[in-house]
Amino acid sequence: MAPGLRGEGRPVAEQRPIGPGRLVLVVGPSGAGKDTLIAAARSRLASDEAVLFPRRIVTRPASAAEDNVEADEATFARIAEAGGFALTWSAHGHRYGIPAVVDHAVYGGRTAVCNVSREVLAAARQRYRNVTVVEVTAPPEVLQARVAARSRASDGDAAARVVRQVSAPVDPDVVIINDGEIEPAADRLLAVIAGASRSNLL
């Protein structure tokens, strides 16, 4: 399945972009702290029903560094075939999917916040009316140290992951430099979720 497409069981193209809600897509290299920032925002907005933080479905176990729903390859394929994903991609030998509940949320006017690969950004911008792309990053030495510290065998070589993702181009609406305490960066992500967009650097 090509990156960005939903399951084969559902049409690839919509007659019109999905809206009126918003999709906030968080991208960035391994070790940038994407999941950490999203978790912080989720905690602060726990009582806000207007914002959805869907858990990704991934063909590997969840960990302290990645709060995903685990699915084996066969189960992932069945979900895709049934149209259960809004977006899918493959990376580092695993398959990732954003559940289709995102579409329902955005149709209903809600904001959905998702950690995705930059490979699906073009498809997402075509399928959704209001998309804000947030790139979370940090200096290379910080990224590599964080990836090495979490010691997740399925990550592979830490340096290779950092180089692969940093070298891939992305056109973000907002850039968050996450190289220090978590609170300032989390505040910046919360500001984006609340509606700030097209800021050059936060």
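Residues numbered from 1 in each chain as written. Predicted model: local features only at pLDDT ≥ 70, side-chain atom pairs only at ≥ 80, totals over all residues. Heavy atoms only, no water.

With that settled, consider the sheet that holds strand 9 (residues 174–177). Spatial strand order, 2-7-1-8-9: 5 strands in an open sheet with parallel pairing. Both edges of this open sheet fall to strand 2 (51–52) and strand 9, since each of them pairs with a single strand only. Bridge analysis of strand 1 (residues 18–27) against strand 8 (residues 128–137) gives 7 bridges, and the strand direction is parallel. Each residue of the ladder has a partner; that of Leu23, found in strand 8, is Val131. Running over the sheet, helix 1 (residues 34–44) touches strand 1, strand 7 (111–115), strand 8 and strand 9 and is turned about 155 degrees from strand 7. Its contacts with the sheet put helix 7 (residues 182–193) on strand 1, strand 2, strand 7, strand 8 and strand 9, and the angle it makes with strand 9 is roughly 165 degrees. (Pairing = 2+ DSSP bridges. Helix = DSSP H or I, 4+ residues; strand = E, 2+ residues; numbered from the N terminus. Contact = heavy atoms within 4.5 Å. Axes fitted to C-alpha atoms, helices over the stretch in contact; angles between N-to-C directions.)

The end-to-end C-alpha distance of helix 7, which contains 12 residues, comes to 16 Å, matching closely the 16 Å that a straight helix rising 1.5 Å per residue would cover. All buried positions along helix 7 are accounted for by Ala185, Ala186, Leu189, Leu190, Val192 and Ile193. Axial view of helix 7: buried residues confined to an arc of 155 degrees, hence all on one face. Contacts made by the buried residues of helix 7 are with strand 1, helix 1, strand 2, strand 7, strand 8 and strand 9. Note on helix 7: the residue one or two positions beyond its end, Gly195, has a positive phi of about 135 degrees. (Expected span 1.5 Å × (residues − 1). Buried < 20%, exposed > 50% of the residue type's maximum accessible area, 1.4 Å probe, protein only. Arc of directions from axis to C-beta.)

Of all 6 residues in strand 6 (residues 94–99), 5 are buried, a share of seventy percent or more. Here strand 3 (residues 57–58) pairs with strand 6 via 2 bridges, running antiparallel. Within the sheet, the bridge partner assigned to Ile57 lies in strand 6 and is Gly97. The sheet contact formed by strand 5 (residues 85–91) and strand 6 spans 6 bridges and is antiparallel. Note on strand 6: the bridge partner recorded for Leu87 is Ile98. What sits between strand 5 and strand 6 in their antiparallel hairpin is a turn of 2 residues, with His92 showing a positive phi close to 55 degrees.

Now for unusual backbone geometry. Here the bond from Gly19 into Pro20 is cis, since omega is 10 degrees, no more than 30 degrees from zero. Within the secondary structure, Pro20 is located in strand 1.

For the rest of this paragraph, the subject is the sheet that holds strand 4 (residues 69–70). Whenever strands of a sheet pair, they do so through backbone hydrogen bonds, lying parallel or antiparallel. What the 4 strands build is an open sheet, ordered 4-3-6-5; its pairing is mixed. Taken across any chain shown, the strands that pair with only one partner, and hence form the sheet edges, are strand 4 and strand 5. Both strand 3 and strand 4 contribute to a ladder of 2 bridges, which runs parallel. Counted as the bridge partner of Val58 is Glu70 from strand 4. Where helix 2 (residues 73–81) meets the sheet, it contacts strand 3, strand 5 and strand 6, and its direction lies at approximately 40 degrees from that of strand 6.

A word on the pairing of strand 1. The side chains of a regular strand alternate between both faces of the sheet. Taken across its 10 residues, strand 1 has 9 buried, putting it largely inside the fold. In this sheet, strand 7 lies alongside strand 1 in parallel orientation, the contact comprising 5 bridges. Within strand 7, the residue paired with Leu25 across the bridge is Cys114.

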